[in-house]
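Each chain, written out:
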Amino acid sequence: DAKTTQPPSMDCAEGRAANLPCNHSTISGNEYVYWYRQIHSQGPQYIIHGLKNNETNEMASLIITEDRKSSTLILPHATLRDTAVYYCIVRVNFNKFYFGSGTKLNVKP
Amino acid sequence: EAGVAQSPRYKIIEKRQSVAFWCNPISGHATLYWYQQILGQGPKLLIQFQNNGVVDDSQLPKDRFSAERLKGVDSTLKIQPAKLEDSAVYLCASSLSPGGEQYFGPGTRLTVT
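For clarity, every value in this text was computed on a predicted model and none was experimentally measured. (Residues numbered from 1 in each chain as written. Chains lettered and ligands numbered in written order. Predicted model: local features only at pLDDT ≥ 70, side-chain atom pairs only at ≥ 80, totals over all residues. Heavy atoms only, no water.)

Topic: the nonpolar core
Among the nonpolar cores identified, the biggest contains 23 residues, and Trp35, Leu73, Tyr86 and Leu105 of chain A are the most heavily contacted of them. When residues of this core are traced back to their parent elements, those giving at least two are β2 (18-23), β3 (33-38), β4 (45-50), β6 (61-64), β7 (70-75), β8 (84-92) and β10 (103-108) of chain A. Top element by residues in this core is β8 of chain A. It accounts for five residues. Judged by nonpolar contacts, the second largest core, of 21 residues, contains Val4, Leu60, Leu77 and Cys92 of chain B. (Core = buried A, V, L, I, M, F, W, Y, C linked by side-chain atoms within 4.5 Å. Buried < 20%, exposed > 50% of the residue type's maximum accessible area, 1.4 Å probe, protein only. Helix = DSSP H or I, 4+ residues; strand = E, 2+ residues; numbered from the N terminus.)

A word on the pairing of strand β11 (residues 108-112) of chain B
Residue and element names in this part refer to chain B. Of the two faces of β11, only the one carrying Thr108, Leu110 and Val112 is buried; Arg109 and Thr111 on the other face are not. Across four bridges, strand β2 (residues 10-13) lies against β11 in parallel orientation. By the bridge assignment, Tyr10 is partnered in β11 with Arg109. Pairing geometry for strand β9 (residues 88-95) and β11, over three bridges, is antiparallel. Counterpart to Ala88 in the pairing with β11 is Leu110. (Pairing = 2+ DSSP bridges.)

Thoughts on the layout of surface pockets
The computed volume of the largest pocket comes to approximately 610 Å³. Looking at the lining of the largest pocket, the elements that each hand over two or more residues are β8 of chain A together with β9 and β11 of chain B. Here the element with the most residues in the lining of the largest pocket is β11 of chain B; it accounts for four residues. Each residue belonging to the lining of the largest pocket can be placed in one class, and the counts come to eleven nonpolar, 13 polar and three charged. (1 Å grid on protein atoms, 1.4 Å probe; cavity = no way out; pocket = protein on both sides within 12 Å on 5 of 7 lines; lining within 4 Å. Points joined across faces, edges and corners; volume = space filled by probe spheres on them. Nonpolar A, V, L, I, M, F, W, Y, C, P; charged D, E, K, R; others polar.)

Right under this line is the structure:
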């Protein structure tokens, strides 16, 4: 079962930063946090992952709180093409991914 | 680099019939996953292979679902007999190693009537 809790939906204005929260209060010390997104009718796409340090790549930034009980995915300048369902996942036992229901991000012009 | 290939993209069958899905992972990826995604839900892992061996099939309904990965490359997932509740998108994913970044195929949308 998913170890994460996310809001079911969020809105964001085009060009603004999208901040997607995730709670994972039962995370263990060696469990990574992964983010994937799924655009309509496509398979999920990897975005970013981290253990305890903040991470940044060309797509997004991942901010993990010091106690590791929550994290935030930041899309710095959201575009209409970022409209998707975003999944926050805790990787369990090094190789198991449990997807929750995700957050539906609606980017509006 | 070619992505994960799946076929067919769509399939409609009647309940109690059988169906098979095919997946070709990214070349060199040792780990292969099959997920079931019911409308409105996140993907649920059915089975995970490492090369041609099963790593985890704890959520696979083994009375009707089976999967194999002969030669450690392509994989097939079969349902026999199908039930109405099997209507879903079946996603295949692969990664270089267990726990690594997963690359997903486009999925097969199954409708059981």
